[in-house]
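A closer look at the structure
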Amino acid sequence: MGTTIIGVTYNGGVVLGADSRTSTGMYVANRASDKITQLTDNVYICRSGSAADSQIVSDYVRYFLHQHTIQLGQPATVKVAANLVRLVSYNNKNMLETGLIVGGWDKYEGGKIYAIPLGGTIIEQPFAIGGSGSTYLYGFFDQAWKEGMTKDEAEQLVVKAVSLAIARDGASGGVIRTVIINSEGVTRNFYPGDSLPLWHEELPPQNSLLELLHSSSPEPMNV
């Protein structure tokens, strides 16, 4: 599942974002998949790598967190959820091919982002990027991320970053989904592919290949 996944903290919560392309080799198996999965009411997980592996890890952790919430009588913290993901990923590291980002908000520590890359390490970060599209974004985030962003600034950063990765990474594409988590709850937003900005030498979306062949611009390349 070639992917671009992102988690960003801001002043009051977190924003998670992802593209929607699931590929099988050169074939796009699903162009509108949802890679941001709910674990609890206040914690979500972004999935990259093998779709099957990331889904089974999410399912197990969601079940464990449900039991945990019943036993404690209150919602699990983001740290607990992330450590459960880490435990499952690390204990099965020889069989799993998935990189994950856990993000959420709780009343003890506020908005938190944890990266759990291949192998089961856990890293708490103010922002995390993952998937095949992330290789195009490290320099961009070094320049663009800043502490104390507002909710709107953080979401705009995530949408811009995913659209930049989509422009360069053949395994990322489709639409952009974002999830905003804060003390007020969860907000999901959806950005269609034809509403995203076009970057350097990127072709505009077409409904059909015939439209591309018959359009006057851009000119086809002479070989």
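Residues numbered from 1 in each chain as written. Predicted model: local features only at pLDDT ≥ 70, side-chain atom pairs only at ≥ 80, totals over all residues. Heavy atoms only, no water.

Notes on the packing of aromatic side chains
Applying the stated rule across the entire model yields 5 aromatic pairs. Look at F127 and F141: their rings are 5.0 Å apart centre to centre, the planes differ by 20 degrees, and that puts the pair in the stacked class. Of this pair, F127 sits in strand β10 (residues 127–130) while F141 sits in helix α3 (residues 138–144), placing them 14 residues apart in sequence. One aromatic cluster is present, formed by F127, F140, F141 and W145 through successive ring pairs. Just above the ring of Y90 sits the side chain of K93; from NZ or CZ to the centre is 3.9 Å. (Phe/Tyr/Trp six-rings, centres within 6.5 Å; stacked < 30°, edge-to-face > 60°. Helix = DSSP H or I, 4+ residues; strand = E, 2+ residues; numbered from the N terminus. Lys NZ or Arg CZ within 6 Å of the ring centre and 35° of its normal.)

Points about the UniProt feature "active site" (unreviewed entry) in the protein chain
The sites that carry the UniProt feature "active site" (unreviewed entry) are, in the present numbering, T3. Locating T3 in the fold gives a position in the segment before β1 (5–10). The class of T3 is buried, set by a relative accessible area of 0%. When neighbours within four sequence positions are excluded, T3 is seen to be in contact with D19, K35, R47, S48, G49, G130, G131, S132, G133, D169, A171 and S172. Of the polar contacts made by the side chain of T3, one reaches the side chain of K35; its length is 3.2 Å. (UniProt positions renumbered as here; feature names shortened; annotations may be inferred. Buried < 20%, exposed > 50% of the residue type's maximum accessible area, 1.4 Å probe, protein only. Contact = heavy atoms within 4.5 Å. Polar contact = N/O pair within 3.5 Å; in protein donor to acceptor, adjacent residues only side chain to side chain.)

A look at the pattern of salt bridges
Throughout the structure, instances matching the rule amount to 6 salt bridges. We note a salt bridge from D34 to R188, for which the minimum N-O separation is 3.3 Å. Separated by 154 residues along the polypeptide, D34 in the loop between β4 (27–30) and β5 (36–38) and R188 in strand β12 (residues 185–191) bring together distant segments of the chain. Residue D34 is classed as partly exposed on the basis of its relative accessible area, which comes to 32%. Using a relative accessible area of 39% as the deciding quantity, one classes R188 as partly exposed. Linking K79 and E109 is a salt bridge whose minimum nitrogen-to-oxygen distance equals 4.0 Å. Here the residue K79 occupies a position in helix α2 (residues 78–91), and E109 occupies one in the loop between β7 (98–106) and β8 (110–116), the gap between them amounting to 30 residues. (Salt bridge = Lys/Arg side-chain N within 4 Å of Asp/Glu carboxyl O.)

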